[in-house]
Amino acid sequence: MYAIEFDHALNLVDIRWTGLFDEPTVAAYADELLRRFRTEGFRPGYRLSMDMSGCTVQPAIAAAAIHARLGTFPRASRIAIVTASAITRMQVRRFMTQPYLRLFDSAVDARRWLVCDDIGERDEERAA
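A few points on the structure.

The rules behind these values
- Residues numbered from 1 in each chain as written.
- Predicted model: local features only at pLDDT ≥ 70, side-chain atom pairs only at ≥ 80, totals over all residues.
- Heavy atoms only, no water.
- Pairing = 2+ DSSP bridges.
- Helix = DSSP H or I, 4+ residues; strand = E, 2+ residues; numbered from the N terminus.
- Axes fitted to C-alpha atoms, helices over the stretch in contact; angles between N-to-C directions.
- Contact = heavy atoms within 4.5 Å.
- Core = buried A, V, L, I, M, F, W, Y, C linked by side-chain atoms within 4.5 Å.
- Buried < 20%, exposed > 50% of the residue type's maximum accessible area, 1.4 Å probe, protein only.

### A look at the pairing of strand β1 (residues 2-7)
For a regular strand, side chains alternate in direction, first toward one face of the sheet and then toward the other. Here β1 runs beside strand β2 (residues 12-17); their pairing, made up of six bridges, is antiparallel. Counterpart to isoleucine 4 in the pairing with β2 is isoleucine 15. Hairpin connection, β1 to β2: the antiparallel pair is bridged by four residues, and asparagine 11 has positive phi, about 55 degrees.

Pasting the structure below:
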């Protein structure tokens, strides 16, 4: 369903979704993410990678439950979402409105942006 990794060297929380969530899975996911975030010693300002390319759009009830459970999760400095699905992108944009969020088709491009030291420079390159 999901995998969560913490990379202290990059101050990166790396999450991969591989299946569809239901209410019990949302609860387990949110509990594990919150618990591990604290025990790993991460703080606001970390970078977040969410690779959703291994699943389809989440059921509406699951997406709303994830948003409700993690709506107050500590703030990242950058969020990269990986998905090529237009519907998943629309769902992400509906629930995740942070101005420091970018959507990518490729995990390689997402990682490159996340670890780039100058967001403005990278955004100018993408726009060119």
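### With respect to the sheet that holds β2
Reading across from one edge, β1-β2-β3-β4-β5 is the order of the five strands in this open sheet, with mixed pairing throughout. Each edge of the open sheet carries a strand with a single partner, namely β1 and β5 (101-104). The mean inter-strand angle of the sheet, taken between neighbouring strand axes irrespective of direction, is 15 degrees. Helix-sheet contacts for helix α1 (residues 23-39) involve β1, β2 and β3 (47-51), and the interaxial angle to β1 is about 10 degrees.

### Re the nonpolar core
Counting residues in hydrophobic clusters, the biggest one holds 31 residues, and the most contacted among them are Val13, Ile15, Trp17, Tyr29, Leu33, Met50 and Ile81. With five residues, α1 is the largest single contributor of residues to this core. Other than its neighbours up to four places away in sequence, isoleucine 15 contacts Ala3, Ile4, Tyr29, Leu33, Leu48, Ser49, Met50 and Asp51. Judged by nonpolar contacts, the second largest core, of seven residues, contains Leu12, Ala80, Trp113 and Leu114.

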